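Architecture at a glance
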Amino acid sequence: MIVMRPVLEIFAADDFALWPVGKYESYGYLVLNGELTPAEVGTAVMQIADCNDFEPEEKHGPCPTDPLGTFLHGLLTMPDLFAAGGFRVTDNATATVFVEPGCCNGLETWRDWLEVLNGTGLRLLRPRSVLDGRTSWRHCPADARR
């Protein structure tokens, strides 16, 4: 069965102490699903908050002074959040990964995948590599589809 799963790119957070998080090596992936443990949920929130850490702008209000408020400020005030990660498409029968997350396959472009799923969006994909006669695919940004 071919499955498509959203994943977050994770970095090691050895010194993070605001709430419980899991132990991960940098540049690994956390699969987002309904079976996350409390520590995995904490890791996901930490990662999303860290990706949206920014210098406060006037429209977002002043940044709180406490460590938790400072860390969560972007997460709670940004209208459109960013999360490093993407989608991984895998054939569970063979453990073959056809699409890896990457810069051209971010979670923020999830709506583009609706075209792939309904059969009209194969133009969104381009070959990533060909190994042993198998082709891996990678999501292609709109401006590179020409």
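Computed from a predicted model, the values in this text were never measured in an experiment.

1. Some remarks on unusual backbone geometry
- Of note in this structure, Tyr27 is not a glycine but carries a positive phi near 70°.
- In the Ramachandran plot, Ala95 falls in the positive-phi region, its phi being about 60° despite a non-glycine side chain.
- When you line up the elements, Ala95 lands in the loop between strand E3 (85-91) and strand E4 (96-99).
- In this structure Ala95 comes out as exposed when scored by relative accessible area, which is 60%.

2. Quick notes on the side chain of Asp91
- Along the polypeptide, Asp91 turns up in strand E3.
- Given the relative accessible area of 15%, Asp91 is considered buried.
- In terms of polar contacts, Asp91 uses its side chain to reach the backbone amide nitrogen of Ala93, at 3.0 Å.
- Non-local contacts of Asp91, meaning those with residues more than four positions away in its chain, are made with Met1, Ile2, Thr96 and Phe98.

3. Observations regarding helix H2 (residues 67-77)
- Inspection of H2 places Gly69, Phe71, Leu72, His73, Gly74 and Leu75 among the buried residues, and these make up the whole buried set.
- Check the buried side of H2 and you find it contacts helix H1 (38-51).

4. Here's the deal with the packing of H1 against H2
- The contact between H1 and H2 brings their axes to 8 Å, and the two run at 80°. One element, H1, and the other, H2, form an angle in the roughly perpendicular class. For the pair formed by H1 and H2, the contact residues are Val45, Met46, Ile48, Ala49 and Asp50 on the first element and Phe71, Leu72 and Leu75 on the second.
- Broken down by class, the residue content of the contact of H1 with H2 amounts to seven nonpolar, no polar and one charged.

5. Let's talk about H1
- Under the 1.5 Å per step criterion, the end-to-end length of H1 is 20 Å for 14 residues, consistent within 8% with the ideal 20 Å.
- Buried residues in H1 make contact with strand E1 (2-10), strand E2 (28-31) and H2.

6. Digging into the packing of aromatic side chains
- A complete count under the given rule lists three aromatic pairs for this structure.
- When the ring of Phe16 is compared with that of Trp19, the centres are 5.0 Å apart and the planes differ by 75°; the resulting orientation is edge-to-face.
- Where Trp19 meets Phe71, the ring centres are 5.9 Å apart and the plane angle is 65°; that geometry is what we call edge-to-face. Here Trp19 is found in the loop between E1 and E2, whereas its partner Phe71 is found in helix H2, with 52 residues between them in sequence. The same class applies to Trp19 as to Phe71, namely buried.
- Three or more aromatic residues link up through ring pairs in this structure, and these residues are Phe16, Trp19 and Phe71.

7. As for the pairing of E1
- Note that E1 and E3 share seven bridges and pair antiparallel. Paired with Met4 across the two strands is Val89, which belongs to E3.
- Pairing geometry for E1 and E2, over four bridges, is antiparallel. By the bridge assignment for E2, Val7 is matched with Val31.

Definitions and cut-offs
Residues numbered from 1 in each chain as written. Predicted model: local features only at pLDDT ≥ 70, side-chain atom pairs only at ≥ 80, totals over all residues. Heavy atoms only, no water. Helix = DSSP H or I, 4+ residues; strand = E, 2+ residues; numbered from the N terminus. Buried < 20%, exposed > 50% of the residue type's maximum accessible area, 1.4 Å probe, protein only. Polar contact = N/O pair within 3.5 Å; in protein donor to acceptor, adjacent residues only side chain to side chain. Contact = heavy atoms within 4.5 Å. Axes fitted to C-alpha atoms, helices over the stretch in contact; angles between N-to-C directions. Parallel < 35°, antiparallel > 145°, perpendicular 65-115°, else oblique. Nonpolar A, V, L, I, M, F, W, Y, C, P; charged D, E, K, R; others polar. Expected span 1.5 Å × (residues − 1). Phe/Tyr/Trp six-rings, centres within 6.5 Å; stacked < 30°, edge-to-face > 60°. Pairing = 2+ DSSP bridges.

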